[in-house]
Amino acid sequence: MVPRFVLAACLITYPAVSLAQEPAYSDDRSDGKALVRSLYNAVARKEYARAYSYFSDKSALADYRDFVEGYADTVEVEVKTGTVTPEGAAGSLYMPVPVAVRSVDKAGKEHVFAGCYVTRLASPTVQEPPFTPVMIDSAELEEVDKPFDQAVPTVCHTPS
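About the cut-offs
- Residues numbered from 1 in each chain as written.
- Predicted model: local features only at pLDDT ≥ 70, side-chain atom pairs only at ≥ 80, totals over all residues.
- Heavy atoms only, no water.
- Helix = DSSP H or I, 4+ residues; strand = E, 2+ residues; numbered from the N terminus.
- Buried < 20%, exposed > 50% of the residue type's maximum accessible area, 1.4 Å probe, protein only.
- Areas by Shrake-Rupley, 256 points an atom, 1.4 Å probe, with all protein chains shown as cover.
- Disulfide = S-S within 2.5 Å.
- Pairing = 2+ DSSP bridges.
- Core = buried A, V, L, I, M, F, W, Y, C linked by side-chain atoms within 4.5 Å.
- Contact = heavy atoms within 4.5 Å.
- Salt bridge = Lys/Arg side-chain N within 4 Å of Asp/Glu carboxyl O.

Trainee: Residues and numbers for the overall build of the chain, please.
Mentor: The number of helices and strands found in the chain is three helices and six strands. Its helices and strands taken in sequence order, the chain reads β-α-α-α-β-β-β-β-β from the N to the C terminus. Buried residues in the chain amount to 44% of all 160 residues. For the chain, the accessible surface area stands at approximately 8,100 Å², while carbon and sulfur atoms represent 53% of it.

Listed below in structure tokens is the structure:
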């Protein structure tokens, strides 16, 4: 089963993470790229509630159980991110993150996905408690027929 949501400066590669191994816990919501890395860290550690929590609009996602089921056959993930160009709008800072994701399923088949995560930070100076850190507003990834090393989009934009 291919995951429904393959949850993404210069091009950076994060090493493949076997889901049989448990990487060190990482929850960094300081910017869009860090949040995408944290998302995949949560998936690698099978902490699906944490992964799901990074999305601001759960109604745009699959039901939580389907979200988890989307990763049932995933045994390895690797992420590359491209250049993030922050864009300010209406009291928010949007950080579109171009990503390529390589996943390997239980049968050993490799899948490459490419697309964009749009992350957003509501202005900290106007927030009231509880504080809301950087969140994923949307994710648009699709399986591509490109080598992983060439799959990162050159640019992403915030939706109009």
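Trainee: Residue-level account of the state of the cysteines, with values.
Mentor: By the definition in use, this model includes one disulfide. A disulfide bridge connects C116 with C156, and the sulfur atoms are separated by 1.7 Å. On the sign convention where negative means left-handed, the S-S torsion of about -85° between C116 and C156 marks this disulfide as left-handed. Of this pair, C116 sits in strand β5 (residues 110–122) while C156 sits in the segment after β6 (135–143), placing them 40 residues apart in sequence.

Trainee: Summarise the pairing of strand β2 (residues 74–81); cite the residues concerned and give the values.
Mentor: Of all the eight residues making up β2, six are buried; the element is thus mostly covered by neighbouring parts of the structure. Where β2 lies against strand β4 (residues 92–105), seven bridges are found, and the strand directions are antiparallel. By the bridge assignment for β4, E78 is matched with R102.

Trainee: Please provide a residue-by-residue account of the nonpolar core, values included.
Mentor: Membership of the largest hydrophobic core comes to 26 residues, with the highest contact counts inside it found for V36, L39, Y40, F55, Y117 and I136. Breaking this core down by element, the ones donating at least two residues are α1 (32–44), α2 (48–53), β2, β4 and β5. In terms of residue count, the dominant contributor to this core is α1 (six residues). Ignoring anything within four residues of it in the chain, the contact list for I136 reads L35, L39, Y54, F55, S56, Y117, V118 and T119. Counting residues in each nonpolar core, the second largest holds six residues, with A100, V112, F148 and A151 among its members.

Trainee: Which residues make up the environment of S103, and what values do they have?
Mentor: Counting through the fold element by element, S103 comes out in strand β4. Residues S103 and F113 lie ten residues apart in sequence; the distance between their C-alpha atoms is 8.2 Å. The residues contacting S103, other than those within four sequence positions of it, are T74, E76, V77, K109, E110, H111 and F113.

Trainee: Tell me what's going on with the pairing of β4, and back it up with residues and numbers.
Mentor: Taken across its 14 residues, β4 has twelve buried, putting it largely inside the fold. Here strand β3 (residues 87–89) pairs with β4 via three bridges, running antiparallel. Looking across to β4, one finds that E87 is bridged to Y94. Between the end of β3 and the start of β4, which pair antiparallel, lie two residues, with A90 showing a positive phi angle near 45°.

Trainee: Quick rundown of the pattern of salt bridges? Include the residues and the values.
Mentor: One pass over the full model with this rule turns up eight salt bridges. A salt bridge links E76 to R102; its shortest N-O distance comes to 2.5 Å. In this pair, E76 is assigned in strand β2 and R102 in strand β4, connecting sequence segments 26 residues apart. R120 is the salt-bridge partner of D137, the closest N and O atoms lying 3.2 Å from each other. You can see D137 sitting in strand β6 and its partner R120 sitting in strand β5, a full 17 residues away along the chain. Residue R120 is classed as partly exposed on the basis of its relative accessible area of 25%.

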